Amino acid sequence: FWKGFCYSKLKEPKDKVPEYQQKAIATYEEMLKQFPKAQIKESGLGPAILSSLGTLYFLQGTPESAAKADKYYRQLETDYSDSTEAKNGVFTRARVLFDIGRPTEAIKILAEMFKSPKSFSPSQFKEAGRYLLDAEQFDSASQAFVLARASEDRAIWEPCSLWLGEALSKGGKYKDAIA
């Protein structure tokens, strides 16, 4: 596990990063093949392995790798639904897609957050709202900021209140923006 983890964290030299990512993928996939599912589950490493594989495949940036990433994230959500990694899976997939320049796919994935808002933190809705606002998805951004404003943490609800006004005004809902 730690070998794959270390490979996944190497960022220099930049021209070697894809090679390091492939080595991390190979290490994690070998673990899944080599050890029975029950043993991986018992070790507590299953969620981390599946989440890492999902992220690493998304970073590859090809349609084939995106399909593999989705497969691992779905397995994570099925096999380890109570894990922190599974609860963060939807948000993580969307964030990675935004970061690699695939906003259309990310926006579709973020829509899943609104189906079960209690599974996500105000902080995640804050970040999702910013991504959606930047992608000019004003109605969805507004929805995210409303959910984030439920936080008692001033560092979350205060900027979200301002961004909510921005999203509403940019979306043409001027009366709601000043309310």
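So, a few notes on the structure that sits alongside this text. (Residues numbered from 1 in each chain as written. Predicted model: local features only at pLDDT ≥ 70, side-chain atom pairs only at ≥ 80, totals over all residues. Heavy atoms only, no water.)

Section: the overall build of the chain
Turning to step 1, where the next piece is worked out: Secondary structure assignment for the chain yields eleven helices and zero strands.
Turning to step 2, where the next piece is worked out: Scanning the chain from its N terminus toward the C terminus, one meets helices and strands in the order α-α-α-α-α-α-α-α-α-α-α.
Turning to step 3, where the next piece is worked out: Taken along the three principal axes of its C-alpha coordinates, the chain extends 60 × 35 × 25 Å.
Turning to step 4, where the next piece is worked out: In the chain, buried positions account for 40% of the 179 residues.
Turning to step 5, where the next piece is worked out: In the chain, the proportion of contacts linking residues at least 24 apart, taken out of those at least 6 apart, comes to 46%.
Turning to step 6, where the next piece is worked out: Total accessible area on the chain stands at roughly 10200 Å², and carbon and sulfur atoms take up 53% of it. (Helix = DSSP H or I, 4+ residues; strand = E, 2+ residues; numbered from the N terminus. Buried < 20%, exposed > 50% of the residue type's maximum accessible area, 1.4 Å probe, protein only. Contact = heavy atoms within 4.5 Å. Areas by Shrake-Rupley, 256 points an atom, 1.4 Å probe, with all protein chains shown as cover.)

A closer look at the packing of helix H8 (residues 122-134) against helix H9 (residues 138-148)
Turning to step 1, where the next piece is worked out: Packing of H8 against H9 leaves a shortest axis separation of 8 Å and a crossing angle of 160 degrees. Here H8 is positioned roughly antiparallel relative to H9, judged by the angle of their axes. The interaxial crossing formed by H8 with H9 has left-handed handedness. Seen from H8, the contacting residues are Pro-122, Phe-125, Lys-126, Ala-128, Gly-129, Arg-130, Leu-132 and Leu-133; seen from H9, they are Phe-138, Ser-140, Ala-141, Ala-144, Phe-145, Leu-147 and Ala-148.
Turning to step 2, where the next piece is worked out: For the contact of H8 with H9, a count of residues per class yields eleven nonpolar, two polar and two charged. (Axes fitted to C-alpha atoms, helices over the stretch in contact; angles between N-to-C directions. Parallel < 35°, antiparallel > 145°, perpendicular 65-115°, else oblique. Left-handed = near helix turned anticlockwise from the far one by under 90°. Nonpolar A, V, L, I, M, F, W, Y, C, P; charged D, E, K, R; others polar.)

Considering unusual backbone geometry
Turning to step 1, where the next piece is worked out: Omega for the bond connecting Glu-12 with Pro-13 falls within 30 degrees of zero, at -10 degrees, which places this linkage in the cis form.
Turning to step 2, where the next piece is worked out: Residue placement: Pro-13 occurs in the loop between helix H1 (2-9) and helix H2 (17-34).
Turning to step 3, where the next piece is worked out: With a phi angle near 60 degrees, Glu-136 is a residue other than glycine that sits in the positive phi range.
Turning to step 4, where the next piece is worked out: Summarising the element assignment, Glu-136 is placed in the loop between H8 and H9.

Things to note about the pattern of salt bridges
Turning to step 1, where the next piece is worked out: Under the criterion given, the structure shown has eight salt bridges.
Turning to step 2, where the next piece is worked out: Here Glu-77 ties to Arg-74 by a salt bridge, and the two come within 3.9 Å at their closest N and O atoms. Pair noted here: Glu-77 and Arg-74 are both in helix H5 (residues 63-79), with a separation of three residues, about one helical turn.
Turning to step 3, where the next piece is worked out: Under the relative-accessibility criterion, Arg-74 is labelled partly exposed at 37%.
Turning to step 4, where the next piece is worked out: Linking Glu-166 and Lys-170 is a salt bridge whose minimum nitrogen-to-oxygen distance equals 2.9 Å. Of this pair, Glu-166 and Lys-170 both sit in helix H10 (residues 154-170), separated by four residues, roughly a single helical turn.
Turning to step 5, where the next piece is worked out: Accessibility expressed as a relative area gives 27% for Glu-166, which makes it partly exposed.
Turning to step 6, where the next piece is worked out: Through salt bridges that share partners, Lys-16, Glu-19 and Lys-23 make up one connected network. (Salt bridge = Lys/Arg side-chain N within 4 Å of Asp/Glu carboxyl O.)

A closer look at the environment of Arg-74
Turning to step 1, where the next piece is worked out: Taking the C-alpha atoms as reference points, Arg-74 and Val-90, separated by 16 residues in sequence, lie 9.5 Å from one another.
Turning to step 2, where the next piece is worked out: Residues within four places of Arg-74 in sequence aside, it is in contact with Arg-93 and Glu-112.

Remarks on the environment of Asp-79
Turning to step 1, where the next piece is worked out: Residue placement: Asp-79 occurs in helix H5.
Turning to step 2, where the next piece is worked out: Exposure remark for Asp-79: the relative accessible area of 16% places this residue in the buried category.
Turning to step 3, where the next piece is worked out: Among residues more than four places away in sequence, those in contact with Asp-79 are Lys-37 and Lys-41.

Some details on the environment of Ile-107
Turning to step 1, where the next piece is worked out: Looking at the element boundaries, Ile-107 is found in helix H7 (residues 103-110).
Turning to step 2, where the next piece is worked out: As a C-alpha pair, Ile-107 and Thr-27 span 80 residues in sequence and 31 Å in three-dimensional space.
Turning to step 3, where the next piece is worked out: The contacts of Ile-107, once residues within four sequence positions are left out, are Phe-98, Leu-132, Ala-135 and Gln-137.

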